[in-house]
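Close look at the chain arrangement
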Amino acid sequence: MVESKLSGFGDILKTDMMNRFLERAPGYDKENKFFQEDFDELKESGYLLSAVPKELGGLGMNLAQVSQNQRRIAYYAPATSLAVGMHFYWTGLAADMWNSGDKSLEWMLEETVAGHVLAAGHAESGNDLPGIMSTTKAEKVEGGYRFTGRKSFGSLSPVWTYLGLHGIDMSDPDSPKIIHGFMPRDAEGYSIDEVWDTLGMRATCSQDTILDGAFIPDKYIGRIVPAGAAGIDQFVLGIFAWGLMCFSSVYYGIAQRAIDLTIESVQSKTSVALTRSMAHHPEVQHAVASMVMELESIGPQLDRITEEWSNGVDHGHDWAIKIIGGKYKIVEGAWKIVDTALDVMGGFGIFKQSPIERIWRDARLGRIHPGNYALSHEFVAKIALGVNPDEPPRWG
């Protein structure tokens, strides 16, 4: 039985359940199969209610507490943690708004208690500003909006009952609007294209969703805001906070697992050139030290961002720097740790039977999540320099 140093928050994520996740993860990855058994256990345990306020029948966890638990799951089953985080992406945001007095998404929290599952539909080809711009057309019609476009990276595709998505309404070209809506599973005008066959995070089953005039009624329209950075209100900023910090939590959990596997390996690994284990090789010690020091730097950053968000600290526009910059640094740190782990573990690490091989592939995807290298540096720099991100031309 494997016990992680990442104990999580509360006692909902029992060690025996986590070890079942660990046992199933290689099979899900090999077969490119959705983590259905893991999902069923998490749902049965009440974990999907983590962020829902206690007053509405949930567990009342804040972002910092959910982050602790997402790290714990990721230690055992990274893809499971990543996909489930898409559900918290929305329920956490809705809970924050509810706790602040905005009850407009209370229906979502009530639906979650009733067993519904939320997923995210923001990724689009040709759009490097997810959430604040869109290549999906949103057209106002009687009683709601119709959405036409293609969404990618739709984690939880087999089980979501509401897909949170966005599109752009260009009916007034001088004042385009981003329409955020939640599409019920039984809506008409969409299909799921099973394209997911990827390098890593294979069990997330993040299929494409094709919107062909998909209708979302007004009651499921969560926000209508200006296009671009001008539309970043509490709702949109909350998407980034919960989304990017849940991403970060996953890769932190992966990094901790990589360190533990490396230490376990070198303590028993031998060489004809040494009289003791490879743990006594100076370059191995140097590599392990660099891994541990990297983890010691990104952990407190993740803790501080999630705790300050949960405590309502007002950083104003600087929240974008902390969230986007934090995700970037945490993922980069995890990437370095996992790469070093593969170097230290040597040739055995590239075989499918080695757990580091799958972890290494899963860790690659951290850089794909928003914001990527270019967008992270652009947004952080513009905010720090006082440059309006919406000011044309975008560069130059």
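Residues numbered from 1 in each chain as written. Predicted model: local features only at pLDDT ≥ 70, side-chain atom pairs only at ≥ 80, totals over all residues. Heavy atoms only, no water.

Attention now moves to the overall build of the protein chain. Within the protein chain, the regular secondary structure consists of 10 helices and 8 strands. Rg of the C-alpha trace for the protein chain: 21 Å, near the compact-globule value of 21 Å for 396 residues, within the 12% margin. Taken over the C-alpha atoms alone, the protein chain extends approximately 80 × 50 × 40 Å along its principal axes. Classification of the 396 residues of the protein chain by burial places 56% in the buried group. As displayed, the protein chain offers around 17000 Å² of accessible surface, 54% of which is attributable to carbon and sulfur atoms. One way to put it: in the protein chain the 36 positive side-chain charges average out to a point 5 Å from where the 51 negative ones average out. (Helix = DSSP H or I, 4+ residues; strand = E, 2+ residues; numbered from the N terminus. Rg over C-alpha atoms; globule rule 2.2 N^0.38 Å. Buried < 20%, exposed > 50% of the residue type's maximum accessible area, 1.4 Å probe, protein only. Areas by Shrake-Rupley, 256 points an atom, 1.4 Å probe, with all protein chains shown as cover. Lys, Arg positive; Asp, Glu negative; His and termini not counted. Charge placed at Lys NZ, Arg CZ, Asp CG, Glu CD.)

On to the nonpolar core, then. Formed by 119 residues in total, the largest nonpolar core has its most connected members in W90, L156, F182 and M183. Beyond its immediate chain neighbours, meaning those up to four positions away, M183 contacts W160, T161, Y162, L163, L165, Y190, T209, L211, A214 and I216. Among the nonpolar cores identified, the runner-up in size contains 6 residues, and V266, M278, V284 and V344 belong to it. (Core = buried A, V, L, I, M, F, W, Y, C linked by side-chain atoms within 4.5 Å. Contact = heavy atoms within 4.5 Å.)

This part covers the packing of aromatic side chains. Two aromatic rings are characterised by how far apart their centres lie and by the angle between their planes. One pass over the full model with this rule turns up 17 aromatic pairs. On the numbers, 4.8 Å between centres and 80° between planes, the contact of W90 with F182 is edge-to-face. In this pair, W90 is assigned in helix 4 (residues 78-99) and F182 in strand 5 (residues 177-184), connecting sequence segments 92 residues apart. Comparing W90 with F182 shows no difference in burial state: the two are buried. Judged by centre distance (5.2 Å) and plane angle (80°), the ring pair of W309 and W319 falls under edge-to-face. With W309 in helix 7 (residues 282-310) and W319 in helix 8 (residues 318-345), this pair connects stretches of sequence that are 10 residues apart. In terms of burial, W309 and W319 fall into one category: buried. Taken together through their ring pairs, the aromatic side chains of Y89, W90, W107, Y162, F182, Y220 and F235 make up a single cluster. (Phe/Tyr/Trp six-rings, centres within 6.5 Å; stacked < 30°, edge-to-face > 60°.)

This part takes up the state of the cysteines. The tally for this structure, following the rule as stated, stands at 0 disulfides. Take C205: it sits in no disulfide, and the sulfur closest to it among the cysteines is that of C246, at 20 Å. C246 sits in the buried class, given a relative accessible area of 2%. (Disulfide = S-S within 2.5 Å.)

Direction of pairing for strand 2 (residues 137-141) relative to strand 3 (residues 144-154): antiparallel, over a ladder of 5 bridges. Paired with K137 across the strands is T148, a residue of strand 3. Hairpin connection between strand 2 and strand 3: a loop of 2 residues separates the two successive antiparallel strands, and G143 in this loop has a positive phi of roughly 85°. (Pairing = 2+ DSSP bridges.)

A few words now on the packing of helix 3 (residues 63-76) against helix 4. Packing of helix 3 against helix 4 leaves a shortest axis separation of 6 Å and a crossing angle of 150°. It follows from the interaxial angle that helix 3 and helix 4 lie roughly antiparallel. Between helix 3, through V66, Q70, I73, A74 and Y76, and helix 4, the contact on the second element is made entirely by P78, T80, S81, V84, G85 and F88. In terms of residue class, the contact of helix 3 with helix 4 is made up of 7 nonpolar, 4 polar and no charged. (Axes fitted to C-alpha atoms, helices over the stretch in contact; angles between N-to-C directions. Parallel < 35°, antiparallel > 145°, perpendicular 65-115°, else oblique. Nonpolar A, V, L, I, M, F, W, Y, C, P; charged D, E, K, R; others polar.)

Another aspect to go through is the pairing of strand 3. Strand direction decides the pairing type here: strand 3 and strand 7 (residues 207-217), joined by 9 bridges, are antiparallel. Each bridged residue has a counterpart across the sheet, and for Y145 the counterpart in strand 7 is I216.

Moving on, we get to helix 3. Relative to the 20 Å expected for 14 residues at 1.5 Å per residue, helix 3 spans 20 Å between its end C-alpha atoms, a close match to the ideal helical length. Among the 14 residues of helix 3, 13 are classified as buried, and the element is accordingly described as predominantly covered. Structurally, the start of helix 3 carries an N-cap: the backbone nitrogen of A64 is 3.1 Å from a side-chain oxygen of N62. (Expected span 1.5 Å × (residues − 1). Polar contact = N/O pair within 3.5 Å; in protein donor to acceptor, adjacent residues only side chain to side chain.)

Attention shifts here to the pattern of salt bridges. Inspection of the entire model under this criterion finds 24 salt bridges. With a closest N to O distance of 3.0 Å, D102 and R223 form a salt bridge. Here D102 is found in the loop between helix 4 and helix 5 (106-113), whereas its partner R223 is found in strand 8 (residues 221-226), with 121 residues between them in sequence. Its relative accessible area of 18% is what places R223 among the buried residues. Taking the shortest distance from any N to any O, the salt bridge between K140 and D218 comes out at 3.6 Å. In this pair, K140 sits in strand 2 while D218 sits in the loop between strand 7 and strand 8, placing the two residues 78 residues apart along the sequence. Residue D218 is classed as partly exposed on the basis of its relative accessible area of 37%. A single network of salt bridges, built from pairs that share partners, joins D16, R20, R24, D38 and E41. (Salt bridge = Lys/Arg side-chain N within 4 Å of Asp/Glu carboxyl O.)

What follows concerns helix 4. A rise of 1.5 Å per residue sets the reference length of helix 4, with its 22 residues, at 32 Å; its end C-alpha atoms lie 30 Å apart and thus fit the reference within 8%. If you look at helix 4, its biggest bend is around 30°, right at H87. Where burial is concerned, most of helix 4 is hidden: 20 out of the 22 residues are buried. (Bend = angle between axes of the 7 residues up to and from the residue.)

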